[in-house]
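# Summary of structural features
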Amino acid sequence: MYNEKFEELLLSVQKPGRYSGGELNSVIKDKTQVDIRFAFCFPDTYEIGMSHLGMKILYSLFNSKDYIWCERVFAPWIDFEEVMLKENIPLFALESRDPLTEFDIIGFTLQYELCYTNVLNMLKLSNIPYKSADRGDNYPLIVAGGPCACNPEPLADFIDIFFLGEGEEVDLELIDLYRECKAKGIGKKEFLIKASEIEGVYVPSLYSVEYNDDCTVKSVTPQNGAPKTVKKRIIGNLDTAFYPKKFVVPYIEIVHDRTVQEIYRGCIRGCRFCQAGFIYRPVREKSYEIINKQAKCLCESTGYDEISLNSLSTSDYTNLENLLTELLNWTDEKSISLALPSLRIDNFSEELLNKIKHIRKSGLTFACEAGTQRLRDVINKNITEEEILTTCKTAFEGGYTSVKLYFMMGLPTETDEDIVGIAELAQKIVDTYYALPTKPKGKSVDVTVSVANFIPKPFTPFEFEPQITAQEMQRRQKLLLESVHTKKVKINYHDSSTSFLEGVFARGDRRLCKVIEDAYLSGCRFDSWSECFVLDNWIKAFKDNGIETSFYCNRTRSFDEVLPWDHLDYAVSKDFLINQDKLAHNSQTTPNCRLKCSNCGANCYKEGVCFEKR
Amino acid sequence: MKFVSHLDMNRFMNRMLRLSGIPIWYTEGFNPHPYITFALPLPLGFESDYEILDFKCTNDNLSFDEIKDKLTAVMPEYIVINSVYSPQMKAGDIAYSSLIVTFFGNNSELLNELKNFMSANEIIIEKKTKRGTVKQINVAEKIKDYQINAKNKGQVLVSIVLPSGSEENINPQSVFELFKNKYPDCPYFNIKRTGIFDKEMNLFV
């Protein structure tokens, strides 16, 4: 499809590099020589999707098989979508520029709830019916994975198969089954029944959901031999697992443009609000020698000058010092910098600071999450005020003059006192800076407080808790602003209208499918972008379908209620979550996995931290 | 590559030089970065046969040929390293660039319109100055040279030499956008740079 016409169209929109392809390390194969064509769709713009590590891993993995050609697709921005509709250009993959109808399998990664209308839009732009029921054997198979797959019910009417957990093995098993069935001429219905036998594969069409009069779920019943519960998959040994040797290097500027090294999966801390900490259990580390080797290989194949060490809590990685030593052996002389996001505030030592100090000094970011010890105990964020102040002091003494702190608002049992506590804590940090005899001369301190709106998520102890209303959120934000009495503290907070929508979908059920469809048809897409989000369209879609949003987000759920995701098993037992919620209401904490096992259930995989010597 | 902006091009060359293993001089100071510059930035959407990139190699033992080979080994096929040499002129010496504007359409009407347009005494384009005010420039007197050719492949080519560089810069895109405004049936055109010159029309090296 390359000709002057296409060129002309690309040059008429913003950032044409989003749609041109041809990047270094992008994979081109002969389509007549492969059995399976896979279109990996990231339901947001190129710049966001190209920063996503999961896509890079799966893209490389699938393409490492000679019978699969995996290509990338991103959501076209609204200016290019207009051009596509006007010129009758269906959505195409970047490598071949072929329309998606020519692919066997189309896979979406669901990283956040606000991308759902983009999923429908990308299907529509491909001339593929977005409802599963409308797609016969002659349309590609539509699959999806990612963190939101832990409660995929709001998308149940649109996706054929959801992958639960980590995709490196189960995705290939599914593709292999598809290839087998394709060769034998087996139709989609029969294929889906066979697919449901693979562990980690959830086929929503094989489950029927019944509701009680009060709209809560009565039952989720499997059919055609589908399993009663679907259990997530994990990769047991990260050292032997596949990891890319090359990354596609974008031409245009993307959000995170660097070598990304995953150092471990899961988290030992068990903070009660954090979904990632629960759904990625158990903790499995990659050995530092392997990480070092992989990072070197990636830098050599991409030319990147920065390596980011990624995990949920990087300073909890057992061999962090060894890893940094190995890396600094060669990164320094090649002028490659290291980035360590996700550092924990209670084990940020002077030694660690010294190691990362001579790397390009960006700011330091820590998550305190709550302003008072009481509330920190409720959410099981086991850090004390003393630890927070000591770490900031260490950072200031090391030459840092700006610190960013993450907090949340709307946490269970939160009171105004806790909100004011945030401002007071920030003030104490400012005071710590000025009390230092060794502070940098002539420079003042910058404390940025970023406050997110807490949204209760499935598979966390707070999945039973109510989310506070948008009005209440605004009142608390105002209270926080009024409690700050110094120019050295800056408060950033989020728009509460998108938070409310995220809350509805996070704990939503299948009745929301129609709402998403209606909102999409009324023009909603790119809902996570403030310039595109139209609250009124959503409100109308809910109203037209007789749905009270407060039912999903603002009410307390009883421990006996059948939750829309109870038939999905992420290894952490519901009893454990209930117990944690009860402990939370008593302000009681739970120690981390390395200190003491709390029997959450993740040890069923017989891997990882559960079996480490304590 | 024509969809890559100048800033992105800089980043791209940075990475390519890293991959090639050629040691480059970094700037000193708080935030060291590789010192590479394009002598004359190319606007987004243009192709080019003649681009100049300056950098300092810290290994004096590497010959020009070796550098050329190392770079060629990592570059994609649509970027060709023509030659590697010591700079003879300074970036400030750049005065003109030659370009070819290719119109995808060929008929006598287009040819006539172009001839009339290019031969006019006045071709006024508007340019925003650094202060934000709008200046009017008569491009007719600035065009150093031009030629209109009709090719049988349904294309009309206009070769043109325009002022470029730090002293004065006329963007052919503005000139031919003006043409498009005057002649609405104008077909799609693209622009390719073919050479960079100094005041005396010597090839810039």
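Before any of the text, the structure's been laid out above.
Here we summarise the structure given alongside this text. All values reported here derive from a predicted model rather than from experimental measurement.

The rules behind these values
Per chain, the residues get numbers from 1 upward, laid out in the order the sequence is written. Each chain gets a letter, beginning with A, and each ligand a number, beginning with 1, in the order they are written. This being a predicted model, a pLDDT of at least 70 is required before a residue's local features are given, and a value of 80 or more before pairs of side-chain atoms are given or counted; all residues contribute to the totals for chains, interfaces and linings. Only hydrogens and water are set aside; all other atoms, that is, all heavy atoms of the structure, feed into the side-chain values. By the criteria applied, helices consist of DSSP H or I runs no shorter than four residues and strands consist of E runs no shorter than two, each listed in order from the N terminus. Contacts between residues were defined by any pair of non-hydrogen atoms, one from each residue, lying within 4.5 Å. With residues, only the protein chains shown are counted as cover, and all accessible areas are computed by Shrake-Rupley using a 1.4 Å probe. Values of the radius of gyration come from C-alpha atoms, whereas the globule rule sets the reference at 2.2 Å times the count of residues to the power 0.38. Remark: exposure states derive from per-residue accessible area (1.4 Å probe, protein chains only) relative to the maximum for the residue type, with buried under 20%, exposed over 50%, and partly exposed in between. Grouping buried Ala, Val, Leu, Ile, Met, Phe, Trp, Tyr and Cys residues that are joined through side-chain atoms within 4.5 Å yields what is termed a nonpolar core. Criterion for a salt bridge: a side-chain nitrogen of Lys or Arg within 4 Å of a carboxyl oxygen of Asp or Glu. Between N or O atoms, a polar contact is any pair within 3.5 Å; within protein, one atom must be a potential hydrogen donor and the other a potential acceptor, and residues adjacent in sequence are included only when both atoms are from side chains. Residue classes follow a fixed rule: Ala, Val, Leu, Ile, Met, Phe, Trp, Tyr, Cys and Pro count as nonpolar, while Asp, Glu, Lys and Arg count as charged, and any other residue, Gly among them, counts as polar. Think of it this way: a Phe, Tyr or Trp ring, Trp meaning its six-membered ring, pairs with another when their centres are within 6.5 Å, and the plane angle makes it stacked under 30 degrees, edge-to-face over 60, tilted otherwise. Note on criteria: charge over ring means Lys NZ or Arg CZ within 6 Å of the ring centre, with the direction from the centre no more than 35 degrees off the ring normal. Orientation is described by lines fitted to C-alpha atoms, with helices fitted over the stretch in contact, and by angles between N-to-C directions that extend from 0 to 180 degrees. Each angle is binned into one of four classes, with values under 35 degrees roughly parallel, values over 145 roughly antiparallel, values of 65 to 115 roughly perpendicular, and all other values oblique. Definitions for this section: a left-handed crossing has its near helix turned counterclockwise from the far helix by less than a right angle. A right-handed crossing has that turn clockwise. DSSP calls a pair of strands paired once it identifies at least 2 bridges connecting them.

A separate point is the overall build of chain B. Each helix and strand counted, chain B has four helices and nine strands in total. Along chain B, from the amino end to the carboxyl end, the secondary structure elements read α-β-β-β-α-β-α-β-β-β-β-α-β. The dimensions of chain B, computed from C-alpha atoms along their principal axes, are 60 × 45 × 30 Å. Partitioning the intrachain contacts of chain B with sequence separation of at least 6 by distance along the chain shows that 67% fall at a separation of at least 24. About 11700 Å² of surface is accessible on chain B, with carbon and sulfur atoms providing 47% of the total.

The next thing to look at is the overall build of chain A. Of the regular secondary structure elements, chain A holds 21 helices and 19 strands. Relative to the 2.2 N^0.38 estimate, which gives 25 Å for 614 residues, the radius of gyration of chain A is 24 Å and therefore close to what a compact globule would have. For chain A, the C-alpha atoms occupy an extent of roughly 75 × 65 × 50 Å along the three principal directions. Counted over contacts in chain A with a minimum sequence separation of 6, partners at least 24 positions apart contribute 76%. Taken as a whole, chain A presents about 24200 Å² of accessible surface, with 48% of it coming from carbon and sulfur.

Moving on to unusual backbone geometry. All names here are of chain A. The linkage connecting Arg281 with the following residue, Pro282, adopts the cis geometry, with an omega of 0 degrees. With respect to the helices and strands, Pro282 occurs in the loop between helix H9 (275-279) and strand E12 (284-285). Residue Lys15 is not a glycine yet carries a positive backbone phi of 45 degrees. One non-glycine residue, Lys606, adopts positive backbone phi at about 55 degrees. Using a relative accessible area of 63% as the deciding quantity, one classes Lys606 as exposed.

Take the nonpolar core next. Counting residues in hydrophobic clusters, the biggest one holds 123 residues, and the most contacted among them are A:Phe108, A:Leu110, A:Ile161 and A:Phe191. Excluding residues within four positions of it along the chain, A:Phe108 makes contact with A:Cys41, A:Pro43, A:Val119, A:Met122, A:Leu123, A:Ile142, A:Val143, A:Ala144 and A:Gly145.

On the chain A side, the residues contacting the 20 residues of chain B number 28 residues. In this assembly, chain B and chain A are joined by two salt bridges. A salt bridge links B:Arg11 to A:Glu253, with the nearest nitrogen and oxygen atoms 4.0 Å apart. Between chain B and chain A we count eight residue pairs in polar contact (both at pLDDT 80 or more) in total. The element that contributes the greatest number of residues to the side of chain B that touches chain A is helix H1 (residues 6-20) of chain B, accounting for seven residues. Along the lines of polarity and charge, the residues of the side of chain B that touches chain A split into 12 nonpolar, three polar and five charged.

Glancing now at the packing of aromatic side chains. Scanning the entire structure with this criterion turns up 36 aromatic pairs over all chains. Aromatic pair A:Tyr19 and A:Phe80: ring centres 4.1 Å apart, planes at 20 degrees, arrangement stacked. Of the two residues, A:Tyr19 sits in helix H2 (residues 17-20) while A:Phe80 sits in helix H5 (residues 78-87), which places them 61 residues apart along the sequence. Take A:Tyr19 and A:Phe80: they sit in the same class, and that class is buried. Taking the centre distance of 5.9 Å and the plane angle of 85 degrees together, the rings of A:Phe454 and A:Phe462 count as edge-to-face. Taken as a pair, A:Phe454 and A:Phe462 share a single burial class, namely buried. Ring pairs connect the aromatic residues B:Phe103, B:Phe117, B:Phe176, B:Phe179, B:Tyr183 and B:Phe189, which therefore count as one cluster. The ring of A:Phe551 is capped by A:Arg511, whose NZ or CZ atom sits 5.5 Å from the centre of that ring.

Let us look at the packing of helix H15 (residues 416-435) of chain A against helix H16 (residues 470-483) of chain A. Residues and elements named next belong to chain A. Where H15 contacts H16, the two axes come as close as 8 Å, and the packing angle between them is 40 degrees. Classified by the angle their axes make, H15 and H16 are oblique. Here H15 and H16 pass one another in a crossing that is right-handed. Contacts between H15 and H16 involve Asp416, Ile419, Val420, Ile422 and Ala423 on the former and, on the latter, Arg475, Arg476, Leu479, Leu480 and Ser483. Class assignment of the residues belonging to the contact of H15 with H16 gives a composition of six nonpolar, one polar and three charged.

In regular strands, side chains alternate between the two faces of the sheet. Residues and elements named next belong to chain A. Sheet analysis places strand E15 (residues 364-369) next to strand E16 (residues 402-409), joined by five bridges and oriented parallel. If you follow Leu364 over to E16, its bridge partner there is Val403. Bridge count between E16 and strand E17 (residues 446-453): eight bridges; the pairing is parallel. Paired with Ser402 across the two strands is Asp446, which belongs to E17.

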